[in-house]
Amino acid sequence: MTDSAPVITIDGPSGVGKGTLTVSLARHLGWHLLDSGALYRLTALKADSSGIDLADETAVAAAARSLPAEFVTGAANEPVRVLMDGQDVTERLRTEACGHMASTVAAYPQVREALLQRQRDFRQAPGLVADGRDMGTTVFPGAPLKIFLTASAAVRAERRYEQLKRQGESVKLSHLLKEIEARDARDMGRSESPLKPAEDAIQIDTSALGIPEVFNLVIAHWQGKRLP
Ligand code: DC
């Protein structure tokens, strides 16, 4: 029964460490993983590379509905690879330009509706760790454990700066900070599924915490849930 498979939702703003945490949790628990942001990034990339005007909500939603995408889980420390039309687009998805376009298309109600069932289909036994903005509020409102990560925009900009530097992208820290603040405003301000913690979410401020500490906190919460 897929409906009874447990889900841990990990929501929060850009650059807060959701991705790394989600991968570690899924590996540790032996569960499936949903990177919902990748679906919005893929939609933007597909629409853009098909010559669709990103301002045309109906056409972008049609692209979302027929997304020819596949997620390939790698070995131990390998990242999940994302294929579109059979081509590996993992690196293209992670660029700032693609993130910016994704934020635009993610504000369209028709796009969110088009991707809703697709996200729910990831809920398979033995369980799912789902990373996004509205996992706990909209996509999996019945999830037994909901986590909402926070960190100041300055800390997130610095983390993103280091990550992009490692990827060989050169960007200014001040520019990144502005981008992150603008994306936060768009993600929190949209009418459809805005970024906000579910009422029953556990909030963790990661500004001063390392990944292992956040991981241990979430595992402790999960074990707490499972105690009789
Ligand atoms: O997490 P990310 O940076 O890959 O997300 C890309 C964009 O998609 C970001 O602007 C927020 C949006 N998004 C969303 O609206 N809902 C989700 N569940 C996941 C991402």
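Below is a short write-up of the structure. This one's a predicted model, so the numbers in the text were calculated from it and none came from an experiment.

1. What about the overall build of the chain?
- Within the chain, the regular secondary structure consists of 10 helices and 8 strands.
- Its C-alpha atoms give the chain a radius of gyration of 17 Å, near enough to 17 Å, the size a compact globule of 228 residues would have.
- Along the first, second and third principal axes, the C-alpha atoms of the chain reach 55 × 40 × 35 Å.
- The burial tally for the chain puts 44% of its 228 residues in the buried class.
- Here the analysis covers contacts within the chain between residues at least 6 apart in sequence; of these, 75% occur between residues at least 24 apart.
- If you sum the accessible surface of the chain, you get close to 11200 Å²; carbon and sulfur atoms cover 53% of it.
- Of note, the chain has its 27 positive side-chain charges centred 2 Å away from the centre of its 29 negative side-chain charges.

2. Regarding the sheet that holds strand S3 (residues 69–72)
- Strand order in this open sheet of 3 strands is S3-S4-S5, and the pairing throughout is antiparallel. Each having just a single partner strand, S3 and strand S5 (87–88) make up the two edges of the open sheet.
- Pairing of S3 with strand S4 (residues 81–84), which is carried by 4 bridges, proceeds in the antiparallel orientation. Within the sheet, the bridge partner assigned to Phe 71 lies in S4 and is Val 82.
- Here helix H2 (residues 36–49) sits on the sheet in contact with S3 and S4, set at roughly 35° to S4.

3. Considering the site of the ligand
- Close contacts around the ligand come from 16 residues, with Ser 36, Arg 41, Arg 112, Arg 133 and Asp 134 the closest.
- At 2.9 Å, a side-chain N or O of Arg 133 approaches an oxygen atom of the ligand.
- The contact in question runs from a nitrogen atom of the ligand to an N or O atom on the side chain of Asp 134, over 2.9 Å.
- Surface burial for the ligand is 96%, taken as the share of its 440 Å² of free accessible area covered by protein chains.
- Of all elements in the fold, only H2, helix H5 (96–105) and helix H9 (173–189) reach the threshold of two or more residues within the shell around the ligand.
- The dominant element in the shell around the ligand, judged by the number of residues it contributes, is H2, at 4 residues.
- Residue composition of the shell around the ligand, by class: 4 nonpolar, 4 polar and 8 charged.

4. Details of H5
- Judged by how many residues are buried, H5 sits mostly within the fold: 7 of 10 residues are covered.
- Within H5, the full set of buried residues consists of Glu 96, Cys 98, Gly 99, Met 101, Ala 102, Ser 103 and Val 105.
- Contacts made by the buried residues of H5 are with H2, helix H3 (57–65), helix H4 (90–93), helix H6 (109–120), helix H8 (153–166) and H9.

5. Digging into the packing of helix H1 (residues 18–29) against helix H10 (residues 211–226)
- Two elements in contact, H1 and H10, have axes separated by 10 Å at closest approach and are oriented at 50°. Overall, the two elements H1 and H10 adopt an arrangement that is oblique. Note that H1 runs across H10; the crossing there is right-handed. Where H1 approaches H10, its residues Thr 20, Leu 21, Ser 24, Leu 25, His 28 and Leu 29 are matched on the opposing element by Ile 211, Val 214, Phe 215, Val 218, Ile 219 and Trp 222.

6. Some points on the layout of surface pockets
- The volume enclosed by the second largest pocket comes to roughly 300 Å³.
- Residue lining of the second largest pocket: 15 residues in total, with His 32, Leu 33, Phe 71, Thr 73 and Val 80 positioned closest to the centre.
- For the lining of the second largest pocket, the elements supplying multiple residues, two or more each, are H1, strand S2 (32–35) and S3.
- Sort the elements by how many residues they give to the lining of the second largest pocket and S2 lands first, with 4 residues.

What counts and what doesn't
Sequence order as written defines residue numbering, which begins from 1 separately in each chain. Given that the model is predicted, a residue must reach a pLDDT of at least 70 before its local features are reported, and side-chain atom pairs must reach 80 or more before they are shown or counted; all residues, however, enter totals for whole chains, interfaces and linings. Based on all heavy atoms of the structure, the side-chain values leave hydrogens and waters out of the count. Numbering goes from the N terminus for both helices and strands, where a helix is a DSSP run of H or I of at least four residues and a strand is a run of E of at least two. Radius of gyration: over C-alpha atoms. The globule rule applied is 2.2 Å multiplied by the number of residues raised to the 0.38 power. Think of it in three bands: with a 1.4 Å probe and only protein chains considered, a residue is buried below 20% of the maximum accessible area for its type, exposed above 50%, and partly exposed in between. In what follows, residue pairs with any heavy atoms lying within 4.5 Å of each other are defined as contacts. Each accessible area is a Shrake-Rupley estimate made with a 1.4 Å probe; only the visible protein chains count as cover when residues are assessed. Charge counting follows a simple rule: Lys and Arg are positive, Asp and Glu are negative, and His as well as the terminal groups are ignored. In this description, the location of a charge corresponds to atom NZ of lysine, CZ of arginine, CG of aspartate or CD of glutamate. At least two bridges found by DSSP between two strands are what make those strands a pair. Fitting a line to C-alpha atoms yields each axis, with helices limited to the stretch in contact; the angle taken between N-to-C directions then spans 0 to 180 degrees. Here a residue is considered near a molecule or strand provided that any single heavy atom belonging to it is located within 4 Å of it. We define a polar contact as two N or O atoms separated by no more than 3.5 Å, with the added condition that, inside protein, one atom must be a possible hydrogen donor and the other a possible acceptor, whereas residues neighbouring each other in sequence contribute only through side-chain atom pairs. Note that Gly is not counted as nonpolar here; it falls among the polar residues with everything else outside the nonpolar set of Ala, Val, Leu, Ile, Met, Phe, Trp, Tyr, Cys and Pro and the charged set of Asp, Glu, Lys and Arg. To sort the angles, those under 35 degrees are grouped as roughly parallel, those over 145 as roughly antiparallel, those from 65 to 115 as roughly perpendicular, and the leftovers as oblique. Crossing handedness is defined as follows: a turn of the near helix away from the far one that is anticlockwise and smaller than a right angle gives a left-handed crossing, while the clockwise case is right-handed. Here a cavity denotes a set of grid points, spaced 1 Å apart and computed over the protein atoms alone, in which a 1.4 Å probe fits but from which it cannot get out, and a pocket denotes an open set meeting protein on both sides within 12 Å along at least five of seven lines; residues with an atom within 4 Å of a point are reported as lining. Grid points are joined across faces, edges and corners, and a volume is the space filled by probe spheres set on the points.

So, to be careful, I would describe these as geometric facts and stop short of saying anything about function.
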